[in-house]
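# An overview of the molecular structure
Each chain is listed here by its residues.
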Amino acid sequence: MQLSFDADIEEFRAEFSAFLDANLPAEADAGERPRSSADIPAWARTWQRTQFEAGWLLPGNPPEFGGRNAGIVEQFVHLQELSRRRIYHSYNPQGLGIIAASLLTFGTPEQKQRWAVPILRAEITAALGMSEPGAGSDLASLRTRARRDGDHFVVDGQKVWTSGAHHADVLLTFVRTDPDAPKHKGISVLVIPTDTPGVTRRPFGSIASRDDHDFNEVFFEGVRVPAENLIGDLNDGWTVANGSLGHERTLLWLSFADRLEDLLRDFRPGTPLEKDRYATLVMDSYALRLLGSKALARAARGEQDTPSLSVLKLLGSEAVQSATEHAFTAEGIDGLVHPALTAPYCHMDLEMLYASWFERYARSFGYTIAGGTSEIQRNVIAERILGMPRR
């Protein structure tokens with residue numbers, strides 16, 4: 001399968017490619033590496049600002065927000081070119097792809113300038129405070145409370161799995177502001193600076209390493225947040241939540257397609273069974289790109305088909321997890337060597353994407369959780385595409 005694009009799209013690609021040739025940081029300048037998903041090294045902050053000022057950070061945004069009003073196909077080509085060169089888009093991916101996007105969609109003009117622009121310019125970083133011990137995929141069950149006290153909200157509660165919180169400057173935090181309302185209707189969203197008294201962040205290790213500190217528990221004890229930090233309308237946080245995840249999912253399938261391409265490069269089958277599994281990887285890669293390209297074409301025509309994104313998320317995430325397991329198994333005992341590299345080092349890429357086979361396999365489970373679990377995706381497909389009853 002080979003996609004072709006109109007001449008103006010290829011001209012867009014050539015212009016972006018020339019920008020990369022002229023401005024990409026040198027390996028010698030990129031020695032400092034990120035410590036979490038909200039820790040941007042100094043050289044990477046400069047690089048992100050360079051992209052922002054040139055309109056190449058998020059081409060779909062207007063120029064004042066780091067873009068050039070590009071269409072969906074141009075945005076696809078932009079990401080495709082980054083992937084081809086193994087350039088990780090931002091070392092604060094949730095800040096760039098979810099939080100800033102949510103602020104631009106639901107924030108006031110002042111909030112956009114106060115928080116969205118600094119996040120986009122990598123002057124500050126942000127983390128997403130959604131999940132709680134009893135509210136993961138079921139966000140509506142969250143229990144972190146925010147009660148109004150004059151011109152402030154007072155926040156009490158706990159978040160968990162908050163990626164990069166210990167390095168983030170602000171948290172986009174989902175809180176319950178009306179405990180008596182139906183659980184989907186009593187939620188609001190606050191921007192909470194992490195240096196606010198009463199905010200405690202506790203990073204913890206992952207299965208990859210005790211020292212892999214990205215996940216956090218975050219505790220709020222009597223945290224006073226100015227009412228002007230409310231994003232969107234009071235008790236309408238569910239709308240913001242759906243918008244936040246929508247920003248994440250539109251071209252999410254492309255990241256899974258990239259991981260499958262990585263596996264096609266790095267998986268070394270030897271036995272007939274391993275070769276059969278490699279053939280499945282090839283077919284899954286082609287199937288995902290075919291379905292993703294059809295979704296891209298629909299989006300380019302202005303057609304809305306949100307449920308189909310669940311098909312892409314489910315196929316892509318589970319194909320990556322399955323193929324990573326097969327590649328890990330094919331390595332035998334050598335697959336357990338950790339830490340290790342399983343692809344050539346690239347200073348613009350994220351190390352965990354080509355770490356040891358053990359680490360790549362361990363991290364593959366996250367693909368079927370983040371952005372909506374596979375179970376949630378199956379429910380969406382069953383109810384909204386196949387029309388099956390809920391009971």
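Below: a short report on this structure.

## Examining the overall build of the protein chain
- Within the protein chain one finds 11 helices and 8 strands.
- The C-alpha atoms of the protein chain give 21 Å as radius of gyration, which agrees with the globular expectation for 391 residues (21 Å, within 12%).
- The principal-axis extents of the C-alpha atoms in the protein chain amount to approximately 65 × 50 × 45 Å.
- Out of the 391 residues in the protein chain, the part that is buried amounts to 49%.
- Accessible area for the protein chain stands at about 18,300 Å²; split by element, carbon and sulfur atoms hold 53% of it.
- Here the protein chain carries 41 positive and 52 negative side-chain charges, and the mean point of each set is 4 Å from the other.

## Observations regarding the nonpolar core
- In this structure, Phe 76, Trp 253, Leu 260, Leu 263, Leu 281 and Leu 288 are the most contacted members of the largest nonpolar core, which totals 47 residues.
- Secondary-structure elements contributing two or more residues to this core are helix H1 (7–23), helix H2 (42–54), helix H3 (72–84), helix H7 (252–266), helix H8 (272–300) and helix H9 (306–330).
- Take this core: its biggest share by element is 8 residues, from H7.
- For Leu 263, the residues in contact, after removing those within four places along its chain, are Tyr 278, Leu 281, Val 320, Ala 323, Thr 324, Ala 327, Trp 357 and Arg 360.
- Residues Phe 52, Val 170, Val 191 and Val 240 belong to the second largest nonpolar core, which totals 30 residues.

## Points about the pattern of salt bridges
- All chains considered together, the criterion is met by 26 salt bridges.
- Of the charged contacts in the structure, one is a salt bridge between Glu 53 and Arg 121, with a shortest N-O distance of 3.2 Å. Remark: Arg 121 occurs in the loop between helix H5 (109–120) and strand S1 (126–129) and Glu 53 occurs in helix H2; sequence separation between them is 68 residues.
- What makes Glu 53 exposed here is its relative accessible area of 57%.
- Two residues, Arg 289 and Glu 261, come together in a salt bridge whose shortest N-O distance is 3.7 Å.

## Examining the environment of Leu 58
- With respect to the helices and strands, the residue Leu 58 is situated in the loop between H2 and H3.
- Between the C-alpha atom of Leu 58 and that of Gly 150, which follows or precedes it by 92 residues, the distance is 38 Å.
- Residue contacts for Leu 58: discarding those within four places in its chain leaves Gly 66, Gly 67, Arg 68, His 89, Leu 96 and Leu 120.

## Some points on the packing of aromatic side chains
- All chains considered together, the criterion is met by 17 aromatic pairs.
- Pairing Phe 19 with Trp 56 gives two aromatic rings, centres 6.3 Å apart and planes at 35°, and the pair type is tilted. Residue Phe 19 is located in helix H1, and its partner Trp 56 is located in the loop between H2 and H3; the two are separated by 37 residues in the primary sequence.
- On the basis of relative accessible area, Phe 19 is assigned to the buried category, the value being 10%.
- Judged by relative accessible area, Trp 56 falls into the buried class, the value being 3%.
- Taking the centre distance of 5.6 Å and the plane angle of 40° together, the rings of Tyr 88 and Tyr 91 count as tilted.
- A relative accessible area of 6% means that Tyr 91 is categorised as buried.
- Feature note: the residues Phe 12, Phe 16, Phe 19, Trp 47 and Trp 56 constitute an aromatic cluster, connected by ring pairs.
- Stacked on the ring of Trp 56, the Lys or Arg Arg 68 has its end atom at 3.7 Å from the ring centre.
- Residue placement shows Arg 86 over the ring face of Tyr 354; its charged tip is 4.9 Å from the ring centre.

## What about the pairing of strand S2 (residues 145–149)?
- Sheet topology places S2 next to strand S3 (residues 152–160); 5 bridges connect them, and they run antiparallel. Bridging across to S3, Arg 148 finds its partner in Phe 153.
- In this structure, the hairpin formed by S2 and S3 is closed by a connection of 2 residues, where Gly 150 is found at a positive phi of approximately 65°.

## Here's the deal with the side chain of Asp 349
- Turning to its location among the elements, Asp 349 is positioned in the loop between H9 and helix H10 (357–367).
- Excluding anything up to four places from it in sequence, Asp 349 contacts Arg 33, Arg 86, Tyr 88, Tyr 91 and Tyr 354.

## Description of a nonpolar patch on the surface
- On the surface, a nonpolar cluster with roughly 300 Å² of combined accessible area is contributed by Ile 385, Leu 386 and Met 388.
- Residue Ile 385 is classed as partly exposed on the basis of its relative accessible area, which comes to 40%.

## Quick notes on the side chain of Lys 313
- Tracing the sequence through the fold places Lys 313 in helix H9.
- The side chain of Lys 313 is buried and forms no salt bridge, while Glu 318, the nearest opposite charge, is found at 8.0 Å.
- In this structure, Lys 313 is in contact with Leu 252, Phe 256, Tyr 367, Thr 368, Ile 369, Ala 370, Gly 371, Gly 372 and Gln 377, ignoring residues within four places of it in sequence.

Rules of the game
- Residues numbered from 1 in each chain as written.
- Predicted model: local features only at pLDDT ≥ 70, side-chain atom pairs only at ≥ 80, totals over all residues.
- Heavy atoms only, no water.
- Helix = DSSP H or I, 4+ residues; strand = E, 2+ residues; numbered from the N terminus.
- Rg over C-alpha atoms; globule rule 2.2 N^0.38 Å.
- Buried < 20%, exposed > 50% of the residue type's maximum accessible area, 1.4 Å probe, protein only.
- Areas by Shrake-Rupley, 256 points an atom, 1.4 Å probe, with all protein chains shown as cover.
- Lys, Arg positive; Asp, Glu negative; His and termini not counted.
- Charge placed at Lys NZ, Arg CZ, Asp CG, Glu CD.
- Core = buried A, V, L, I, M, F, W, Y, C linked by side-chain atoms within 4.5 Å.
- Contact = heavy atoms within 4.5 Å.
- Salt bridge = Lys/Arg side-chain N within 4 Å of Asp/Glu carboxyl O.
- Phe/Tyr/Trp six-rings, centres within 6.5 Å; stacked < 30°, edge-to-face > 60°.
- Lys NZ or Arg CZ within 6 Å of the ring centre and 35° of its normal.
- Pairing = 2+ DSSP bridges.
- Patch = residues over 30% accessible without salt bridge, like charges linked within 9 Å, V, L, I, M, F, W, Y side chains within 5 Å.

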